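Residue strings, one per chain:
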Amino acid sequence: MSKQPSSMCPAFGAVRNLLRMEDAVPIVISSGDGCLYGHTFVAHFYVANRPIRSPGVSSEIWAKGSMFDELRAMVHDIAEKHSPAIIPICSLCVSDTVGLPFDLLPKQVGATEVIYVPLPAYSVHTHARAKDIVVDSLVWRLPPQRKQRSGVNLIGEIFPSDPIVLDGVLRRIGSHVNTTVPGPRWADYVAMVDGALNAPLHPFYSESVKRMKMKQGLPFVEGAPVGIAGTEKWIVDVGAALALDETRVRMVAREEKARVEAAISEYPLDGLTVMVAGYEGHEFLLVRLLLEAGAKVPFLSTAVNANPLAREEEAWLAAHGCTVLYGANFDDEIGALTNHPYDLVIGTTPLCAHAKELGIPSIYYTNAIATRSLMLAEGATAVLQLVTQTHRAKERYDKVARFFADDEDAPARTYTSWAAPAIDLTTHLQANGAL
């Protein structure tokens, strides 16, 4: 197995987000046929299933200097024929190195916004940063903030049901969800000018948030309603930032906190040691939830770089025995796997594959955790139920490890000497009707 950092071109994640916008027609200035093939494959494989539009790329075109003329003609052609809300111009490695005069492109063609999005992989090293650049580029084009404002702008990739559930909680304290970004429409971004409060739910979009603070002048509430303390604090902070009725806010906060406590008590993780490695941004919140459920999480690796948005959450995790490694790669994660006896790994595909070879129950972050909510009591139940059920399959992981070992009759190749948690999860789940 390669010990090199395993990551696709960072622009893949950014282009994927843009292609998911229903009223956007992105143009990708690829660096060659292989680059274009890779982006086309990812565009179809990861849900969007839409073609990539790109001006022709060849040595002859670069030598003749006709690339910019072709790009400008393509922009006008798309705007006039399809009238999308926006045309993002995604500039990758070669075009950014050559230095095409993007400033000479029109800012608008009819009602279509034309937005430059710089995504050279030599300076953008993670999907997290690439997605941040997309949001930052779009936010920079927003009109001025309205004078009459209300509601909360949710910032961050979250589960589709989260805005609906959060809207229900916010309405009980006298507010509502105004919009959620990244969103599937340009209108979701434009609606930010109507909001009264920005709520970045995780530290993924740090540069975008910095831009919003400069451009909008809105108050911000950081953190998210995840876990016992996090849920109560987030609701109270939102109420204080919007100057809502304090008695009412605190009553709702206590009720939601009690619901999360009840959900967590259904799935105790006492004695379970978990390693978490993520690149979705909300891995900080996941660790908080696991710790409050009784698990030990000595190490968290994240693709996010250290930034002020993560500072408070990192301090909370550190106080509960978790070390955070920012901008981590595969080598870092494999190294960390040898430092502690883990009962469960939640991480990237290559890390989980390696852990499974060692007989450690593993959960793919993107496929399993990111497809669930983390918020409020519903999120706690969804995630902790998955964790407990996965750990119950430990014997199967041992069997797989033995099957691929040189001697199948050898004892189970358990990676750790850690004793199983002192809880009978099967009995517990059956007693609570979960099985």
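That block above? That's the structure.
Residues numbered from 1 in each chain as written. Predicted model: local features only at pLDDT ≥ 70, side-chain atom pairs only at ≥ 80, totals over all residues. Heavy atoms only, no water.

What the protein chain contains, in helices and strands, is 19 helices and 12 strands. In terms of overall dimensions, the protein chain is globule-like: its C-alpha atoms have a radius of gyration of 24 Å, near the 22 Å expected for 435 residues. Oriented by its inertia axes, the alpha-carbon framework of the protein chain measures out at about 70 × 65 × 35 Å. For the protein chain, the residues scored as buried account for 52% of the 435 residues in total. Residue pairs in contact within the protein chain that sit at least 24 positions apart in sequence constitute 71% of those at least 6 positions apart. (Helix = DSSP H or I, 4+ residues; strand = E, 2+ residues; numbered from the N terminus. Rg over C-alpha atoms; globule rule 2.2 N^0.38 Å. Buried < 20%, exposed > 50% of the residue type's maximum accessible area, 1.4 Å probe, protein only. Contact = heavy atoms within 4.5 Å.)

This paragraph deals with the packing of aromatic side chains. With the rule as written, the count across this model stands at four aromatic pairs. Seen from their ring centres, Phe102 and Tyr116 are 4.5 Å apart, and the 20° between their planes marks the pair as stacked. In this pair, Phe102 sits in the loop between α5 (93–98) and β3 (108–109) while Tyr116 sits in strand β4 (residues 112–118), placing the two residues 14 residues apart along the sequence. With a relative accessible area of 32%, Tyr116 lands in the partly exposed category. Seen in terms of ring centroids, Phe284 and Tyr326 are 6.0 Å apart; in terms of plane orientation they differ by 35°. Their pairing is tilted. (Phe/Tyr/Trp six-rings, centres within 6.5 Å; stacked < 30°, edge-to-face > 60°.)

Turning our attention to the sheet that holds strand β6 (residues 177–181). Spatially, β6-β5-β7 is the arrangement adopted by the three strands of the open sheet, whose pairing is parallel. Edge positions in the sheet fall to β6 and β7 (197–200), since each has one partner strand and no second. Neighbour-to-neighbour, the strand axes of the sheet open up by a mean angle of 20°, direction not taken into account. As paired strands, strand β5 (residues 152–155) and β6 are joined by four bridges and run parallel to one another. Residue Leu154 lies in a different strand from β6, and its bridge partner there is Thr180. Most of the contacts of helix α7 (residues 162–172) go to β6, to which it runs at about 155°, and overall it touches β5 and β6. (Pairing = 2+ DSSP bridges. Axes fitted to C-alpha atoms, helices over the stretch in contact; angles between N-to-C directions.)

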